[in-house]
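# Architecture and fold: a report
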Amino acid sequence: MSEPFISLSEVRKVFKSKKEDFLAVSEVTFDVNVGELVSIVGPSGCGKTTILKILAGLFPYDGGTVKIGNETTPFDQSKDIGMVFQQPLLLKWRKILDNVLLPAEILGLPHKESVERAHYLLDMVGLHGFEDNYPDELSGGMQQRTSIARALIHNPKLILMDEPFGALDALTREKMNLELLRIWEESKKTILFVTHGIQEAVFLGSRVIVLTSGPARMADNLSIDLPYPRELDMKTHENFGAYTRHLYKHLGLN
Amino acid sequence: MTDFSKQIRRYTLIILVHLGVVVFWHLSVVISDIPDYVMPTPVATFLSLQSDYGWWHNTLITGYEVFGGYALAIVVGVTLALICSWFKILETLLMPLMVSLNMIPKVALGPLFIVWFSYGVDSNILIAFSICFLPILLTMERGLKEIDPDLIDLVRVLNASRWQVFTKIQLPGALPYLFSGMKVAVVLAVAGAIVGEFIASEEGLGYLMMQVQVTMETSAMFMAVLLITLIGVVLYGIVLLLENLVVGRTNQVIRN
């Protein structure tokens, strides 16, 4: 077994304010291997987003170590992260194709190749033919798929997703879960998927990291032994039920 | 085709309403027999163009002051708003002050400007600038604030430079706000330039008005007002055109 791709060890994050310091993340420790899809689940406001932002280099942290990249898979902080937020965050004055191209422009990647890749990615997320539309002409699910294509345009090694399907209706969400699994298998990226949906976390992840609320502390690091490719049928499987029950218990919901 | 004929109808109506006002003006002056020096007819007003008042030169001077002050206000307003968005401490310190400054009747500063910078085209540009720069600064600042911070994080992850964040996210995002401020500022810029000319100057349409007031040539005064208005209309038209070109689609989305 080679070195893990991401390694967090006893990471702490304190938000300082005049009144009092707020401990947002406390002693979070977990590893993620190259090509893994790991779910992070926990109650709202428990610091899941903070962990993603620390990994993205947007926040400094106050203790512990964060290491991304190993010998076989080196990591460049500015080029190897793709982010997907809860909101699609598309630029409404840009067409879909140009929205997908944004990271490539920022990084100064060659234009012609980037456009080709953008077309390929839009095909992959099922948006062929919408290249010249504006974001407001697309449904919420389609907008979120655009933002997934945008997160992949610069071919990053790590995709950080922060409740990407939280704002979608239940049916679209199920559909997007399947799409994400397909995209993950096709692109072979390492994905960290933050959610507060326990079923979603189990259905997607090869592992589920459970955090308890404020400050975020590790409650569990659960391997999900369900084979890929996963199908909706699995949700009725006995093991699936066992995993979700286990997680509900952790989060005090039994 | 229907869209096109709708446009034609709209513009025909606009022109007809304007012409209607001119006709009404003419008829009411002729019928009520008001003396020419109180209220000239439109015909007399246009005929005053024949008198040698240096119309062309004076219009150009006033136009130059208006456009100059306006352009300066945009550059300074946008730059200052941007700097404030980078350094929050500056925003905290400066913005309340700017709101207070906005309350000063800038027209009242005219005489001071003349004392500080002497009279002439340059001081009039400064007066026009001072009167129209705050609405531009304040709307731009507001527009920059409305941008979702996650959107900035999205490109910050990629190590985007400040300039990239500005040109790709902040400026296009704030443009609809900026344009609304720019439209308000047009009227103010024109007023600023004219006030400067009223107080002290040797050229420009405001100066011309003060000259012909002495000789009671009301028709020339009317003509000067018309030309001043025309300068404002041209500037406003340019801003509208730019707005349509640059953010026409975004505004449509907001309206829908």
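The model shown is predicted, which means the values in this text are computed figures rather than measured ones. (Residues numbered from 1 in each chain as written. Chains lettered and ligands numbered in written order. Predicted model: local features only at pLDDT ≥ 70, side-chain atom pairs only at ≥ 80, totals over all residues.)

### Side note on the environment of cysteine 46 of chain A
To keep things clear, this is the line we draw: Per the convention used, a helix needs a DSSP run of H or I reaching at least four residues, while a strand needs a run of E reaching at least two, with both numbered from the N terminus.
Assignment of secondary structure puts cysteine 46 of chain A in the loop between strand 3 (37-41) and helix 1 (48-55). Note: C-alpha distance between cysteine 46 of chain A and serine 114 of chain A (68 residues apart in sequence) is 37 Å.

### What to know about the sheet that holds strand 2 (residues 22-32) of chain A
Residue and element names in this part refer to chain A. To keep it simple, the criterion reads: Strands were regarded as paired on the criterion that DSSP finds at least two bridges between them. Structural elements are reduced to axes, namely lines fitted to C-alpha atoms, with helices fitted over the stretch in contact, and the angle between N-to-C directions of any two is expressed from 0 to 180 degrees. Two residues form a contact once the distance between their C-beta atoms, set from the backbone, is within 7 Å.
Spatially, 2-1-4 is the arrangement adopted by the three strands of the open sheet, whose pairing is antiparallel. The sheet is open, and its two borders are formed by strand 2 and strand 4 (63-68), each paired with just one other strand. Across the sheet, the mean angle separating the axes of adjacent strands is 25° when strand polarity is ignored. Direction of pairing for strand 1 (residues 6-15) relative to strand 4: antiparallel, over a ladder of five bridges. Directly across from arginine 12, in strand 4, lies its bridge partner glycine 63. The strands that helix 1 touches are strand 1, strand 2 and strand 4; relative to strand 2, the one it contacts most, it runs at about 65°.

### Some points on the pairing of strand 6 (residues 158-162) of chain A
Residues and elements named next belong to chain A. For clarity, the threshold we go by: Comment: burial labels come from other C-beta atoms within 10 Å of the residue's own C-beta, placed from the backbone, where a count of 20 or more is buried, 12 or fewer is exposed, and between is partly exposed. By definition, the crossover connecting two strands over a helix is right-handed if that path, from the first strand to the second, turns clockwise as seen with the strands pointing away from the viewer.
Judged by how many residues are buried, strand 6 sits mostly within the fold: five of five residues are covered. Side chains of strand 6 alternate between two faces, with Leu158, Leu160 and Asp162 and Ile159 and Met161 buried alike. Where strand 6 and strand 7 (residues 190-195) come together, five bridges link them in parallel fashion. Counterpart to isoleucine 159 in the pairing with strand 7 is isoleucine 191. In this view, the connection linking strand 6 to its parallel neighbour strand 7 by way of helix 5 (residues 170-187) has right-handed handedness.

### Here's the deal with the domain arrangement of chain A
Residue and element names in this part refer to chain A. Cut-off, in case you're wondering: Domain delimitation follows an automatic or database domain assignment. When residues are sorted by character, Ala, Val, Leu, Ile, Met, Phe, Trp, Tyr, Cys and Pro go into the nonpolar class, Asp, Glu, Lys and Arg into the charged class, and all the rest, Gly among them, into the polar class.
For chain A, the domain assignment lists domain 1 (1-80 + 158-254) and domain 2 (89-155). Computed over C-alpha atoms only, the centres of domain 1 and domain 2 are separated by 25 Å. Residue-level contacts link twelve residues of domain 1 with ten residues of domain 2. Class assignment for the residues of the side of domain 1 that touches domain 2 results in seven nonpolar, two polar and three charged.

### Some points on the packing of helix 7 (residues 149-156) of chain B against helix 8 (residues 162-199) of chain B
Residue and element names in this part refer to chain B. The following threshold applies: For this classification, under 35 degrees means roughly parallel, over 145 means roughly antiparallel, 65 to 115 means roughly perpendicular, and everything else is oblique. Take the far helix as the reference: if the near one is turned anticlockwise from it by less than a right angle, the crossing is left-handed, and if turned clockwise, right-handed.
It is at 11 Å that the axes of helix 7 and helix 8 come closest, and there the two elements cross at 135°. Regarding the angle of helix 7 to helix 8, the classification is oblique. When you trace helix 7 past helix 8, the crossing you get is right-handed. Between helix 7, through Leu151, Ile152 and Val155, and helix 8, the contact on the second element is made entirely by Gln164, Val165, Lys168 and Ile169. Taken together, the residues of the contact of helix 7 with helix 8 sort by class into five nonpolar, one polar and one charged.

### Description of unusual backbone geometry
The omega angle of the peptide bond from tyrosine 228 of chain A to proline 229 of chain A is -5°, so this bond is cis rather than trans. Topologically, proline 229 of chain A is positioned in the loop between strand 9 (217-223) and helix 7 (238-250). With a phi close to 45°, glutamate 163 of chain A is a non-glycine residue in the positive phi region. As for its position among the elements, glutamate 163 of chain A is in the loop between strand 6 and helix 5. Of the residues examined, glutamate 163 of chain A has 20 C-beta atoms within 10 Å and is grouped as buried. Despite not being glycine, serine 118 of chain B has its phi angle at roughly 65°, a positive value. Note that serine 118 of chain B resides in the loop between helix 5 (110-117) and helix 6 (121-145).

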